[in-house]
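Observations on chain architecture
Here is what each chain is made of, one letter per residue.
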Amino acid sequence: NHPLDCPVCDQAGECSLQDYAFDYGRGERRCKEEKITQPKKDIGEHVLLYGDRCIMCTRCVRFTDEITETSELMIDGRGAQEQIDVFPGRGLCNELTGNIVDICPVGAMLDKEFLFKQRVWNLQQSPSIDPITASGDNLVVEHNRGIVYRIKPRENMDINRWWITDEVRYGCDF
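Only a predicted model underlies this, so the values are computations on that prediction, with no experimental measurement involved. (Residues numbered from 1 in each chain as written. Predicted model: local features only at pLDDT ≥ 70, side-chain atom pairs only at ≥ 80, totals over all residues. Heavy atoms only, no water.)

1. Observations regarding empty space enclosed by the protein
We apply this condition: Computed over the protein atoms alone on a 1 Å grid, cavities are sets of points where a 1.4 Å probe fits but cannot get out and pockets are open sets with protein on both sides within 12 Å along at least five of seven lines; a residue lines them when it has an atom within 4 Å of a point. Grid points are joined across faces, edges and corners, and a volume is the space filled by probe spheres set on the points. All amino acids are sorted into three groups, where Ala, Val, Leu, Ile, Met, Phe, Trp, Tyr, Cys and Pro are nonpolar, Asp, Glu, Lys and Arg are charged, and the leftover types, Gly among them, are polar.
By the definition in use, this model includes two cavities of 30 Å³ or more. Volume-wise, the largest cavity comes out at about 80 Å³. What lines the largest cavity is a set of 13 residues, among which Cys54, Cys57, Cys60, Cys104 and Pro105 lie closest to the centre. Split by residue class, the lining of the largest cavity holds eleven nonpolar, one polar and one charged.

2. With respect to the side chain of Gln83
Under the convention used in this document: In this text, helices come from DSSP runs of H or I with a minimum length of four residues, and strands from runs of E with a minimum of two, each type numbered from the N-terminal end. Type-normalised accessible area, obtained with a 1.4 Å probe on protein chains alone, sets the label of each residue: buried when under 20%, exposed when over 50%, and partly exposed for intermediate values. For this analysis, a polar contact is any N or O atom pair within 3.5 Å, provided that within protein one partner can donate a hydrogen and the other can accept it, and provided that sequence-adjacent residues contribute only side-chain to side-chain pairs. Contact definition: two residues touch when any of their heavy atoms are within 4.5 Å.
Position of Gln83 relative to the elements: it lies in strand 4 (residues 83-86). Of the residues examined, Gln83 reaches a relative accessible area of 18% and is grouped as buried. Of the polar contacts made by the side chain of Gln83, one reaches the side chain of Lys41; its length is 3.4 Å. Among all residues touching Gln83, those that are not within four sequence positions of it are Gln38, Pro39, Lys41, Met56, Met74, Ile75 and Asp76.

3. So, the sheet that holds strand 2 (residues 47-50)
What counts, and what does not: In this description, strands pair whenever DSSP reports at least two bridges between them. Lines fitted to C-alpha atoms define the axes here, with helix axes fitted over just the stretch in contact, and angles between the N-to-C directions of these axes take values from 0 to 180 degrees.
Pairing is antiparallel across the open sheet formed by three strands, whose spatial order is 1-2-5. On the outer flanks of this sheet lie strand 1 (40-42) and strand 5 (109-111), each paired with one strand and no other. Recorded for the sheet is a direction-independent mean angle of 25° between the axes of neighbouring strands. Examined bridge by bridge, strand 2 and strand 5 share three bridges and lie antiparallel to one another. Bridged to Leu48 within strand 5 is Leu110.

4. With respect to the sheet that holds strand 6 (residues 124-129)
Strand pairing in a sheet is mediated by backbone hydrogen bonds. Such pairs are either parallel or antiparallel. Read across the open sheet, the three strands follow the order 6-7-8; overall the sheet is antiparallel. Strands at the two margins of the open sheet, each flanked by one partner only, are strand 6 and strand 8 (147-153). Adjacent strand axes in the sheet meet at a mean angle of 30° when their direction is disregarded. Across six bridges, strand 7 (residues 138-144) lies against strand 8 in antiparallel orientation. When the bridges of strand 8 are listed, His143 appears paired with Val148.

5. Looking at the packing of aromatic side chains
Let me state the cut-off plainly: Any two rings among Phe, Tyr and Trp, with Trp reduced to its six-membered ring, count as a pair given centres within 6.5 Å; such a pair is stacked if its planes are under 30 degrees apart, edge-to-face if over 60, and tilted if neither. A ring is considered to have a charge above it if a Lys NZ or an Arg CZ atom is located within 6 Å of its centre and within 35 degrees of its normal.
Applying the stated criterion across every chain, the model contains two aromatic pairs. Aromatic side chains Phe63 and Trp163 sit 4.9 Å apart centroid to centroid with 70° between the ring planes, which places their arrangement in the edge-to-face category. A residue pair is termed long-range when its members are at least 10 positions apart, and Phe63 in helix 2 (residues 59-67) and Trp163 in the loop between strand 8 and helix 4 (166-169) qualify at 100 residues. An identical accessibility class is assigned to Phe63 and Trp163; each is buried. Ring centres 5.8 Å apart and planes at 65° place the aromatic pair Trp162 and Trp163 in the edge-to-face group. By relative accessible area, Trp162 is classed as partly exposed at 37%. Among the residues examined, Trp163 registers a relative accessible area of 18% and is labelled buried. Aromatic rings pair up to connect Phe63, Trp162 and Trp163 into one cluster. The aromatic ring of Tyr50 is capped on one face by Lys40, whose charged end is 5.0 Å from the ring centroid. Cation over ring: Arg150 sits above Phe114, and NZ or CZ is 4.4 Å from the ring centre.

6. Observations regarding unusual backbone geometry
In this model, Thr58 sits at a positive phi of 65°, which is unusual for a non-glycine residue. Tracing the sequence through the fold places Thr58 in the loop between strand 2 and helix 2. Despite not being glycine, Glu69 has its phi angle at roughly 55°, a positive value. When you line up the elements, Glu69 lands in the loop between helix 2 and strand 3 (73-76).

Rendered as structure tokens:
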């Protein structure tokens, strides 16, 4: 049910589904049924949910259950009508929300700050260390022509594992 909107998707170039389609040669849809469409949702301060793109891997739900232990996300509905959503009256509000964008394999979770700003294949990556807090998190600064477009975590199992806080991720503006 995933839409073919790769040319306009911010996950293009980093999408696992795109990689699988390329590796295994699937160029057309097998399903003859009409696609189920879902609305775009603003689910938090930094994250947009494009429900049409979601493949129900549930990584985001498990992240809020197991890593942040805040359980803001849930699976609503059953079968083909399943969708990721926030609990009623709650938004995605924890200090690690930007990591949900990083773990989404298909571009269903998008970063509002990075949305439509730059294509990932144009970005250069520079390793860095968190300059804001005393934690020393390992980072990757993604930039193009002297402009920083996003900050992502760099794996270091002794310091920050695979995660960084939103304070570090979105703190580069100043």
